Amino acid sequence: MKTTNRFFAAFIVMLLLFSTSIISAQDDEKRPMYYTVTTMYWDSDSDMSMDDWKAGEKEYMEKVTSKNEHISGAWYYTHLLTPNSNEVLYVQGYPSWEAIDLSGARSAELEKEAWYQRKRLENRF
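Along every chain, residues carry numbers that run from 1 in the direction the sequence is written. At least 70 in pLDDT is required for a residue's local features to be given in this predicted model, at least 80 for side-chain atom pairs to be given and counted, and no such filter applies to totals for whole chains, interfaces and linings, which use all residues. No hydrogens and no water enter the side-chain calculation; it runs on all heavy atoms of the structure.

(A) Seen up close, the overall build of the protein. Across its full length, the protein carries three helices and three strands. Helix and strand definitions here come from DSSP, where helices need a minimum of 4 consecutive H or I residues and strands a minimum of 2 consecutive E residues; each element is numbered from the N-terminal end. Reading the protein from its N terminus to its C terminus gives the helix and strand order α-β-α-β-β-α. Residue burial is assigned from relative accessible area. The probe radius is 1.4 Å, only protein chains are included, and a residue is buried under 20% of its type maximum, exposed over 50%, and partly exposed in between. The 125 residues of the protein split such that 20% are buried. Carbon and sulfur atoms provide 58% of the accessible area of the protein, an area that totals close to 10,300 Å². Computed by Shrake-Rupley with a 1.4 Å probe, the accessible areas treat only the displayed protein chains as cover when residues are assessed.

This is how it looks when you write it as structure tokens:
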């Protein structure tokens, strides 16, 4: 009986020791190394509804942020249960320090493509 218990104990210890090198699915994932956080405040006195604001931010994410190869990810966080529930945090993740600078120039290019070109087409007709 003691031999069986020792065998199972040794087997469990071996599994725990080698499990970290076997399970590496999350290591292949490209994680952001740097983050920028922008704090914004929702104006509750404005005529714009929260749904309209979300639609505008979604359009910007689709046309600019998601196409920017220097940005790993972007997220919005709202504070619903704090003293100031008007606060909105916009977080962007970057793979390197250089990507922060490069993403600004690339976002400007994507903004011009998305909106200025459309305005030119609308003015022609």
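The discussion continues.
(B) Main features of helix H2 (residues 50–65). Taken together, the buried positions of H2 are occupied by Trp53, Glu57, Met61, Val64 and Thr65. On an axial view of H2, the arc spanned by its buried residues comes to 105 degrees, and they lie on one face. Among the exposed residues of H2, those oriented more than 90 degrees off its buried face are Asp51 and Lys58. Working note: the arc is built from the helix axis to C-beta atom directions.

(C) Main features of the packing of aromatic side chains. Only the six-membered ring of Trp is used, alongside the rings of Phe and Tyr, when aromatic pairs are assigned; centres must lie within 6.5 Å, and planes under 30 degrees apart are stacked while those over 60 apart are edge-to-face, with the rest tilted. With the rule as written, the count across this model stands at six aromatic pairs. Look at Tyr34 and Trp97: their rings are 5.3 Å apart centre to centre, the planes differ by 75 degrees, and that puts the pair in the edge-to-face class. A residue pair is termed long-range when its members are at least 10 positions apart, and Tyr34 in strand S1 (residues 34–41) and Trp97 in helix H3 (residues 97–124) qualify at 63 residues. Judged by relative accessible area, Tyr34 falls into the partly exposed class, the value being 35%. On the accessibility criterion, Trp97 (54% relative accessible area) is exposed. Taking 6.4 Å as the distance between ring centres and 45 degrees as the angle between the ring planes, the aromatic pair formed by Tyr35 and Trp75 counts as tilted. On the criterion of sequence distance, the pair formed by Tyr35 in strand S1 and Trp75 in strand S2 (residues 73–78) is long-range, its members being 40 residues apart. A network of ring pairs unites the aromatic residues Trp42, Trp53, Tyr76 and Tyr90 as a single cluster.

(D) Region of the structure containing the pattern of salt bridges. Salt bridges are identified by distance alone: a Lys or Arg side-chain nitrogen within 4 Å of an Asp or Glu carboxyl oxygen. Per the stated rule, a full pass over the model turns up three salt bridges. Between Lys63 and Glu59 there is a salt bridge; the shortest N-O distance is 2.9 Å. Of this pair, Lys63 and Glu59 both sit in helix H2, four residues apart, which is roughly one turn of the helix. The exposure class assigned to Glu59 is partly exposed, which follows from its relative accessible area of 29%. For the salt bridge of Arg106 with Glu109, the shortest nitrogen-to-oxygen distance reads 3.1 Å. With Arg106 and Glu109 both in helix H3 and three residues apart, this pair spans about one turn of that helix.

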